[in-house]
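Structural characterization, general
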Amino acid sequence: MEVVYEDNHIIIVSKSSGEIVQGDKTGDEPLSETVKQYIKTKYNKPGNVFLGVVHRLDRPVSGLVVFARTSKALTRLNQMFRDGEVHKTYWAIVQHRPPAEEGRLTGWLVRNERQNKSYQYDHEVRDSKKAELLYRLIGRSDRYFLLEVRLLTGRHHQIRCQLAAMGCPIKGDLKYGARRSNPDGSISLLSRSISFVHPVSKEMICAEAPLPADKLWRELVKPE
């Protein structure tokens with residue numbers, strides 16, 4: 001865990017792939033507990049530490065996660081996420097070149113709870129939710145392509161499912177059609193940046209996640 005930004009009301013950390021944001025049936029210690037312990041130790045806080053989970057990232061995904069340190073911030077951030085006032089950018093490494101340098105993907109996703117997987121349809125079907133995102137090609141190597149993705153809706157496994165439906169499964173994502181897994185069990189999807197108006201101070205907050213250790217990221221992200 002790396003702390004990217006913190007103040008009295010919010011804390012933004014960069015999570016590693018493999019970490020869970022909130023406790024689940026695996027019983028593994030979630031990132032939320034790690035952050036609580038960090039706050040407790042750093043500020044020598046007695047008793048329980050308040051920390052509100054505002055949003056989540058899939059376990060194999062790395063990058064930025066925002067937590068609320070006060071109930072006031074939690075309530076306002078929850079509303080901001082619902083209203084689309086929090087802007088997140090993702091980077092994804094894919095093995096196939098997209099059909100266009102940039103584009104807008106629209107589909108209808110149906111979540112299969114038992115499989116923990118989403119399926120895309122090109123028209124509305126029963127229990128489906130409309131999903132939209134924007135993508136653009138921002139880097140390439142001999143074998144891989146780097147896409148920047150901006151979500152217009154927030155659906156279960158949306159980026160993973162929609163890029164796969166376009167013919168560009170994310171590197172390492174066996175669930176959505178990648179040919180092989182990544183050695184560390186991650187998928188090559190990074191929650192790269194996030195920006196929003198601070199829920200209390202009203203200042204603009206912009207944060208950026210460090211690149212994963214895999215040298216392929218540095219090969220694809222050429223310095224300007």
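Higher on the page you've got the structure.
Nothing here was measured: the structure is a model prediction, and the numbers come from that model.

Bringing helix H3 (residues 158-165) into the picture now. Extensive coverage of H3 is indicated by the burial of six of its eight residues. Considered for burial, the residues of H3 that qualify are Gln 158, Ile 159, Arg 160, Cys 161, Gln 162 and Leu 163. Contact partners of the buried residues in H3: strand E5 (87-94), strand E6 (102-112), strand E7 (117-121), strand E8 (129-140), strand E9 (145-151) and strand E10 (189-197). Just past H3, the residue Gly 167 takes up positive phi, approximately 95°.

Bringing helix H1 (residues 31-42) into the picture now. Between its first and last C-alpha, H1 extends 16 Å over 12 residues, near the 16 Å set by a 1.5 Å rise per residue. For H1, the full list of buried residues reads Leu 31, Ser 32, Val 35 and Ile 39. The buried residues of H1 occupy an angular sector of 100° when the element is viewed end-on, so they sit on one face. Residue Asn 44 follows H1 closely and has a positive phi angle near 50°.

Of the two faces of strand E11 (residues 204-208), only the one carrying Ile 205 and Ala 207 is buried; Met 204, Cys 206 and Glu 208 on the other face are not. Summarising the sheet, E10 and E11 pair through five bridges and their orientation is antiparallel. Bridge pairing in E11 links Ser 193 to Glu 208. Between E10 and E11, which pair antiparallel in sequence order, lie six residues; one of them, Lys 202, sits at a positive phi of approximately 70°.

Before going further, it helps to examine the pattern of salt bridges. Summed over the entire model, instances satisfying the criterion amount to 12 salt bridges. Residue Arg 140 pairs with Glu 101 through a salt bridge whose shortest N-O separation is 3.7 Å. Of this pair, Arg 140 sits in strand E8 while Glu 101 sits in the loop between E5 and E6, placing them 39 residues apart in sequence. For Arg 140, a relative accessible area of 39% gives the class partly exposed. Of the residues examined, Glu 101 reaches a relative accessible area of 42% and is grouped as partly exposed. With a shortest N-O distance of 2.8 Å, Arg 160 and Asp 173 are connected by a salt bridge.

Procedures and definitions
- Residues numbered from 1 in each chain as written.
- Predicted model: local features only at pLDDT ≥ 70, side-chain atom pairs only at ≥ 80, totals over all residues.
- Heavy atoms only, no water.
- Buried < 20%, exposed > 50% of the residue type's maximum accessible area, 1.4 Å probe, protein only.
- Helix = DSSP H or I, 4+ residues; strand = E, 2+ residues; numbered from the N terminus.
- Contact = heavy atoms within 4.5 Å.
- Expected span 1.5 Å × (residues − 1).
- Arc of directions from axis to C-beta.
- Pairing = 2+ DSSP bridges.
- Salt bridge = Lys/Arg side-chain N within 4 Å of Asp/Glu carboxyl O.

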